[in-house]
Amino acid sequence: MSVSQDFLAQCPPLDRMPPEVSAAIAAAGEVRRVRRGEEIFAAGARNTDVHLVRHGAVELRESDGALRSRLGEGEFFGRRSATAHEPTAYRATALEDTVLYRFPAAILAQLAADVPEVRAAFAGSAQRLEHAMTRTGVVDAVGVPTAARTRDLVTRAVVHVEPGATVREAATAMNAHDTSLACVSAGGELLGVVTDHDLRTRVVAAGRDLRTPVSQVMTPQPCTIAADRSGYEAMVVMLENDIRHLPVTDGGRVIGIVSAADLFRDHHSMAAISLAGRVAQAESIIELSTMMSGLPELQGALLGAELPPLQVTHVLTSIVDACTRRLLALAERRLGTPPCGYVWLAVGAQARGEWSLGSGQASALVLEDLDPGDEFALADAEQYFSELARRVTSGLEVCGVEQREGPLAVNPRWRQPIGPWREYLQRWIEEADREELREVSALLDLRALHGDEDLAEELLAQLRSRLRRPGTLVRALAANAVQVAPPLGFFRTFVLSRDGEGQKVLDIARGGIDPVVDIARVYGLAAGSIDPASPRRLEAAQRAGLLPPATARDLDNALTLLCEIRLRHRQARRERGLILTDELTPEAMTAFDRGHLKEAFAVVRSAQTQMRQAAESGVLG
């Protein structure tokens, strides 16, 4: 019995290959018959073949005996161990008399060298997801690594001029180095910047003499960003200040310039800078609402330009950040000077930089401690900040950022002085309450948005300090993170439920995105990281030795693919005038997308098993 080329041509992803490629793969294959109960390979064994079920069924179990999946006709297994030369991660056993096709990895590697489709088909899950993201446009030349540090994004050398230099001398230096910005410095201190725009508007248009000192036309006290901050944070600064260039500093010294062109490589993203700049200057909620009404079209344009999904959400998050800050400024203008210091915190998806249409709003307020005996001051603060929170929350609602279940600053529980917040943190870490775990999880994803950032830093410093000691919070979060399994059945079929219209659907957020975010949070906290971004949490866990590099990479790829699918699903529903939900109908997806969605769910399920084992062994505290 030989390998059937016709059968291979029906098995995704081989069904997308040219006939001559299928013929070459079939020629490389061998047939193996296994009896019911026979072990195909053990966990931790050396495996050199990629297997395909021709007839029968195969059961895969983790090293601890936990059921991983059951496979039927037309499904592959053993790809990662064979192609990456890694020990097998599970035990494979025949559930019934079974016929397998097996393909030696060495021969497949020869074919893969010339045919990218073969390389993608027989790679491990990480490589297959990367191939899927390339095919769907998630990875594209217009994308940028917004999680990268700004020191790694610098593409322009610094041009320094003295404050007494003339405009002509500054322009000559800028022209010689082919740059549109020069730093005005004295004694190593940055005093200001001068740009092409400044020269056009403040010199040429104003009719100034070219011998004018550059200090008279520069922009003083310019925005800067620290070299260890992310590209996303640089993007936020540009969006909110309507600027195109940002000096990058290290220890107070300017080491380079990052430009908008480095972060936004298509005209749709550049348009986002203009929108955020206008939002930051709006004079009323009505004006803000009009501007924010363009957000759905912007999201559609960004997706159409095939930007990576997390870059899309970073851009959208930045605009919602700008809207929130402007609402806070308008509220302060109306209510007067705040009675004490405070900081407004973005919470949940907004804090993580994962906000998109349909995400809703989540927030918290941290106030400066007041004298508990001063009843007048306490009452004044409560009246002021309850009204401020009401204005901002309702203003965001008017601007299309809906209120959902979860923490909101309008709730007195999440609007407290720093003292009660310290008590919250201590109680959560020492005596985690499972009833409030979901809200606690969201509040562990926080980012200072407006006000006294020292208050937020004090809170985060306490969290960082507490995480160095063993506690129940991380273990409780780990237990919670594995409660909801991805909607994938034993035979790698989708587990579906009925929606309100009776259609069979799966919830991509509840079964895919949320578990990855939860897993990243647990490992990040266990590693002592308080960074809210999921990719950087996974990176921190990998550096701390808590998460194998392959698992971290798989989860990062899975999150990217799942976010891409959700973004496009929500956008399609918006364009059809439907309510935005995360419920997908698999039958409406292409076989290509269904296959890679299953891969992503399998990655999540495997990571949940690993985390369960890590928690039980005490690795997570």
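Since this is a predicted model, take the numbers as computed values, not measurements.

Asks: Lay out the overall build of the protein chain in plain terms, naming residues and giving numbers.
Replies: Of regular secondary structure, the protein chain possesses 24 helices and 22 strands. The buried share of the protein chain, reckoned over its 621 residues, is 52%. Put simply, the protein chain shows about 26800 Å² of open surface, and 48% of that area lies on carbon and sulfur atoms.

Asks: Which residues make up helix H2 (residues 19-28), and what values do they have?
Replies: For an α-helix, 3.6 residues make a turn, and residues three or four places apart therefore share a direction. Among the residues of H2, those classed as buried are Val-21, Ser-22, Ile-25, Ala-26 and Ala-28. For H2, the angular spread of the buried residues around the axis is 160 degrees, confining them to a single face. Pointing more than 90 degrees away from the buried face of H2 are the exposed residues Pro-19, Glu-20 and Ala-27.

Asks: Outline the nonpolar core, listing residues and values.
Replies: Grouped together as the largest cluster of nonpolar side chains are 69 residues, with contacts concentrated most on Leu-345, Trp-421, Trp-428, Tyr-523, Leu-597 and Met-611. For Tyr-523, the residues in contact, after removing those within four places along its chain, are Ala-541, Leu-546, Leu-547, Gln-610, Met-611, Ala-614 and Leu-620. In terms of nonpolar packing, the next biggest core, distinct from the first, is built from 45 residues, Leu-275, Leu-288, Tyr-342 and Leu-567 among them.

Asks: Which residues make up helix H14 (residues 309-335), and what are the values?
Replies: Across its 27 residues, H14 extends 39 Å between first and last C-alpha, which sits within 8% of the 39 Å expected from 1.5 Å per residue. By the criterion of burial, H14 is predominantly enclosed, with 21 of the 27 residues buried. Remark: Gly-336 follows H14 within two positions and exhibits a positive phi of approximately 95 degrees.

Asks: Which residues make up the side chain of Arg-573, and what are the values?
Replies: In this fold, Arg-573 is placed in helix H23 (residues 549-575). Taking relative accessible area as the criterion, Arg-573 reaches 19% and is therefore assigned buried. Reaching out from Arg-573, the side chain makes a polar contact with the backbone oxygen of Ile-579 at a distance of 2.6 Å. For Arg-573, the contacting residues outside a window of four places in its chain are Leu-578, Ile-579, Leu-580 and Thr-581.

Asks: Can you explain the sheet that holds strand E18 (residues 415-417)? Please cite residues and give values.
Replies: Across the sheet, which stays open at both edges, the four strands sit in the order E18-E17-E16-E19 with mixed pairing between neighbours. Of all the strands in the sheet, just E18 and strand E19 (446-451) have a single pairing partner and so form its edges. Averaged over neighbouring strand pairs, the angle between their axes works out to 30 degrees when direction is ignored. Taken together, the three bridges between strand E17 (residues 363-367) and E18 define a ladder with parallel strand orientation. What sits directly across from Val-366, in E18, is Gln-416. The strands touched by helix H17 (residues 418-430) are E17 and E18; relative to E18, the strand with the most contacts, the crossing angle is about 100 degrees.

Asks: Explain the sheet that holds strand E3 (residues 49-55) to me, and be specific about the residues and the numbers.
Replies: Pairing between the strands of a sheet is mediated by backbone hydrogen bonds and can be parallel or antiparallel. In space, the four strands of this open sheet follow the order E1-E8-E3-E6, with antiparallel pairing throughout. Looking at the sheet topology across the chains shown, the edges are occupied by strand E1 (30-34) and strand E6 (76-77). Inspection of the sheet shows E1 paired to strand E8 (residues 98-104) by five bridges, in the antiparallel sense. Paired with Glu-30 across the two strands is Arg-102, which belongs to E8. Its contacts with the sheet place helix H4 (residues 105-112) against E3 and E8, and it is angled at close to 55 degrees to E8.

Asks: Account for the pattern of salt bridges, with residues named and values stated.
Replies: Under the defined criterion, the tally for this structure stands at 32 salt bridges. We note a salt bridge from Asp-554 to Arg-80, for which the minimum N-O separation is 2.4 Å. Of this pair, Asp-554 sits in helix H23 while Arg-80 sits in helix H3 (residues 79-84), placing them 474 residues apart in sequence. Classification of Arg-80 as partly exposed rests on a relative accessible area of 23%. Between Arg-391 and Glu-387 there is a salt bridge; the shortest N-O distance is 3.0 Å. With a gap of four residues between them, Arg-391 and Glu-387 both fall in helix H16 (residues 375-398), about one helical turn apart. For Arg-391, a relative accessible area of 24% puts it in the partly exposed group.

Asks: Outline the confidence of the model for the protein chain, supporting the account with residue identities and numerical values.
Replies: Averaged over every residue, the pLDDT of the protein chain is 84; residues scoring 70 or more account for 88%. The low-confidence segment residues 124-145 (pLDDT under 50) makes 64 contacts with residues lying over four places distant or belonging to another chain.

Asks: Please provide a residue-by-residue account of the environment of Ala-226, values included.
Replies: As for its placement among the helices and strands, Ala-226 is situated in strand E13 (residues 225-226). The partly exposed category is assigned to Ala-226, whose relative accessible area is 29%. Between the alpha carbons of Ala-226 and Arg-149 there is a distance of 9.1 Å; along the sequence they are 77 residues apart. Ala-226 has contacts with Thr-150, Val-248 and Thr-249, leaving out every residue within four places of it along the chain.

Asks: Lay out the packing of aromatic side chains in plain terms, naming residues and giving numbers.
Replies: Here the structure, examined in full by the defined rule, presents nine aromatic pairs. With centroids separated by 6.0 Å and ring planes inclined at 85 degrees, the aromatic side chains of Phe-7 and Tyr-101 adopt a geometry described as edge-to-face. On the criterion of sequence distance, the pair formed by Phe-7 in helix H1 (residues 5-8) and Tyr-101 in strand E8 is long-range, its members being 94 residues apart. Seen in terms of ring centroids, Trp-421 and Tyr-424 are 5.4 Å apart; in terms of plane orientation they differ by 80 degrees. Their pairing is edge-to-face. Residue Trp-421 and its partner Tyr-424 are both found in helix H17; the two are separated by three residues, about one turn of the helix.

Thresholds, definitions, all that
- Residues numbered from 1 in each chain as written.
- Predicted model: local features only at pLDDT ≥ 70, side-chain atom pairs only at ≥ 80, totals over all residues.
- Heavy atoms only, no water.
- Helix = DSSP H or I, 4+ residues; strand = E, 2+ residues; numbered from the N terminus.
- Buried < 20%, exposed > 50% of the residue type's maximum accessible area, 1.4 Å probe, protein only.
- Areas by Shrake-Rupley, 256 points an atom, 1.4 Å probe, with all protein chains shown as cover.
- Arc of directions from axis to C-beta.
- Core = buried A, V, L, I, M, F, W, Y, C linked by side-chain atoms within 4.5 Å.
- Contact = heavy atoms within 4.5 Å.
- Expected span 1.5 Å × (residues − 1).
- Polar contact = N/O pair within 3.5 Å; in protein donor to acceptor, adjacent residues only side chain to side chain.
- Pairing = 2+ DSSP bridges.
- Axes fitted to C-alpha atoms, helices over the stretch in contact; angles between N-to-C directions.
- Salt bridge = Lys/Arg side-chain N within 4 Å of Asp/Glu carboxyl O.
- pLDDT = per-residue confidence, 0-100.
- Phe/Tyr/Trp six-rings, centres within 6.5 Å; stacked < 30°, edge-to-face > 60°.

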